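# Structural description and commentary
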Amino acid sequence: AQRVTQPEKLLSVFKGAPVELKCNYSYSGSPELFWYVQYSRQRLQLLLRHISRESIKGFTADLNKGETSFHLKKPFAQEEDSAMYYCALSGHGDNDMRFGAGTRLTVKP
Amino acid sequence: DVKVTQSSRYLVKRTGEKVFLECVQDMDHENMFWYRQDPGLGLRLIYFSYDVKMKEKGDIPEGYSVSREKKERFSLILESASTNQTSMYLCASTRTGSYTFGSGTRLTVV
């Protein structure tokens with residue numbers, strides 16, 4: 001069974017500080033991992049996916065199969081990064097996706 | 001350039017009513033999904049469809065059904081609404097890989 005765990009419901013950092021949002025997963029096959037973001041009053045949107053290995057808005061995430069983790073990181077948080085972040089997983093070749101409970105990030109000035 | 005449209009942003013329904021939530025996408029995607037979003041629980045998959053007239057149960061299908069008569073439209077049906085179905089409902093679609101989400105329907109059952 002697929003399971004995604006985001007251990008932190010809330011995370012608060014000051015502007016300019018590094019930020020890491022944790023995500024651990026459980027899946028027996030080959031997973032595809034994603035981070036989605038929801039800004040206030042906006043729809044949920046893709047932030048990044050592990051297979052693209054891109055850096056979006058300064059965020060990066062590395063898939064660690066040994067630790068079954070896909071933590072989201074940014075070296076210098078900005079106030080506009082304040083949002084709800086969801087980690088998500090789908091099986092390779094599958095289209096149904098499972099989401100974590102989400103982490104609300106607040107970046108204080 | 002809205003690509004996934006949910007017909008209602010807010011709905012208030014009475015217990016026992018039959019409720020239809022509509023979702024339309026214009027990207028010719030095969031796969032469509034219904035999730036409910038609750039604080040502390042994240043997004044939970046209710047039903048999904050990978051083709052017209054095809055449907056699969058997600059993790060929490062009880063109390064819900066779906067209809068996919070046309071490729072672009074995926075409807076979520078609450079046969080007899082209950083207060084524990086008060087939630088934000090999100091529709092999404094994909095061809096393969098990442099999802100495009102609708103803006104959500106906040107349903108309140110009183």
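Scroll up for the structure.
Within each chain, residue numbers correspond to sequence positions counted from 1 in written order. All chains are assigned letters beginning with A, and all ligands numbers beginning with 1, in the order in which they are written. Per-residue local features are limited, in this predicted model, to residues with pLDDT of at least 70; the limit for side-chain atom pairs, both in listing and counting, is 80 or more; totals at the level of whole chains, interfaces and linings are taken over all residues. Note: side-chain values were computed over all heavy atoms of the structure, leaving out hydrogens and water.

### A look at the layout of surface pockets
- For each structure, a 1 Å grid was placed over the protein atoms alone; sets of points admitting a 1.4 Å probe that cannot get out are labelled cavities, open sets with protein on both sides within 12 Å along at least five of seven lines are labelled pockets, and lining residues have an atom within 4 Å of a point. Grid points are joined across faces, edges and corners, and a volume is the space filled by probe spheres set on the points. The space that makes up the largest pocket amounts to roughly 610 Å³.
- If you go around the largest pocket, you meet 26 residues; those closest to its centre are Gln38(A), Arg104(A), Gln37(B), Met88(B) and Arg106(B).
- What the second largest pocket holds in volume is close to 270 Å³.
- For the second largest pocket, the lining is made up of 17 residues, of which Gln2(A), Arg3(A), Val4(A), Arg98(A) and Phe99(A) are closest to its centre.

### Focus on the state of the cysteines
Residue and element names in this part refer to chain A.
- Throughout, disulfides are identified as pairs of cysteine sulfur atoms within 2.5 Å of each other. Counted under the stated rule, the structure contains 2 disulfides over all chains.
- Disulfide pairing places Cys23 opposite Cys87 at an S-S distance of 2.0 Å. Classification of the bridge connecting Cys23 and Cys87 rests on its S-S torsion, roughly -65°, and on that basis the disulfide is left-handed. Taken together, the residues span a long stretch of sequence, with Cys23 in the loop between strand E3 (19–21) and strand E4 (24–26) and Cys87 in strand E9 (residues 83–91) at a distance of 64 residues.
- Burial status follows relative accessibility: with a 1.4 Å probe on protein chains alone, a residue under 20% of its type maximum counts as buried, one over 50% as exposed, and anything between as partly exposed. With a relative accessible area of 0%, Cys87 lands in the buried category. Only DSSP runs of H or I covering at least 4 residues are called helices, and only runs of E covering at least 2 are called strands; the numbering of each starts at the N terminus.

### Observations regarding the interface of chain B and chain A
- On the chain A side, the residues contacting the 23 residues of chain B number 16 residues.
- A simple way to read buried area is as the amount of 1.4 Å-probe accessible surface that goes missing from two parts once joined, with both sides added. Of the roughly 1,600 Å² buried between chain B and chain A on both sides combined, carbon and sulfur atoms contribute 51%.
- A 3.5 Å cut-off defines polar contacts: any pair of N or O atoms within that distance qualifies, except that in protein one atom must be a possible hydrogen donor and the other a possible acceptor, and neighbouring residues in sequence count only when both atoms are side-chain atoms. Along the contact surface separating chain B from chain A lie 8 residue pairs in polar contact (both at pLDDT 80 or more).
- Elements that contribute at least two residues to the side of chain B that touches chain A include exactly strand E5 (31–38), strand E6 (42–49) and strand E10 (87–94) of chain B.
- Here the side of chain B that touches chain A is built from residues that sort into 11 nonpolar, 10 polar and 2 charged. In this description, contact between two residues means that some pair of their heavy atoms is separated by no more than 4.5 Å. We call Asp, Glu, Lys and Arg charged. Ala, Val, Leu, Ile, Met, Phe, Trp, Tyr, Cys and Pro are nonpolar, and the rest, Gly among them, are polar.

### A look at the environment of Ile60(B)
Residues and elements named next belong to chain B.
- Counting through the fold element by element, Ile60 comes out in the loop between strand E7 (56–57) and strand E8 (64–70).
- Judged by its relative accessible area of 18%, Ile60 is buried.
- Separated by 25 residues in sequence, Ile60 and Tyr35 have C-alpha atoms that sit 9.1 Å apart.
- Excluding residues that lie within four positions of it along the chain, Ile60 makes contacts with Arg36, Arg44, Leu45 and Ile46.

### With respect to the sheet that holds E3(A)
Residue and element names in this part refer to chain A.
- A sheet is described by the order of its strands in space; here 3 strands give the open sequence E3-E8-E7, paired in antiparallel fashion. Either end of the sheet is taken by a strand with one partner, and the two such strands are E3 and strand E7 (60–61).
- With 3 bridges joining them, E3 and strand E8 (residues 72–74) adopt antiparallel strand pairing. By the bridge assignment for E8, Glu20 is matched with Lys73. The pairing criterion for strands is at least two bridges between them, as found by DSSP.

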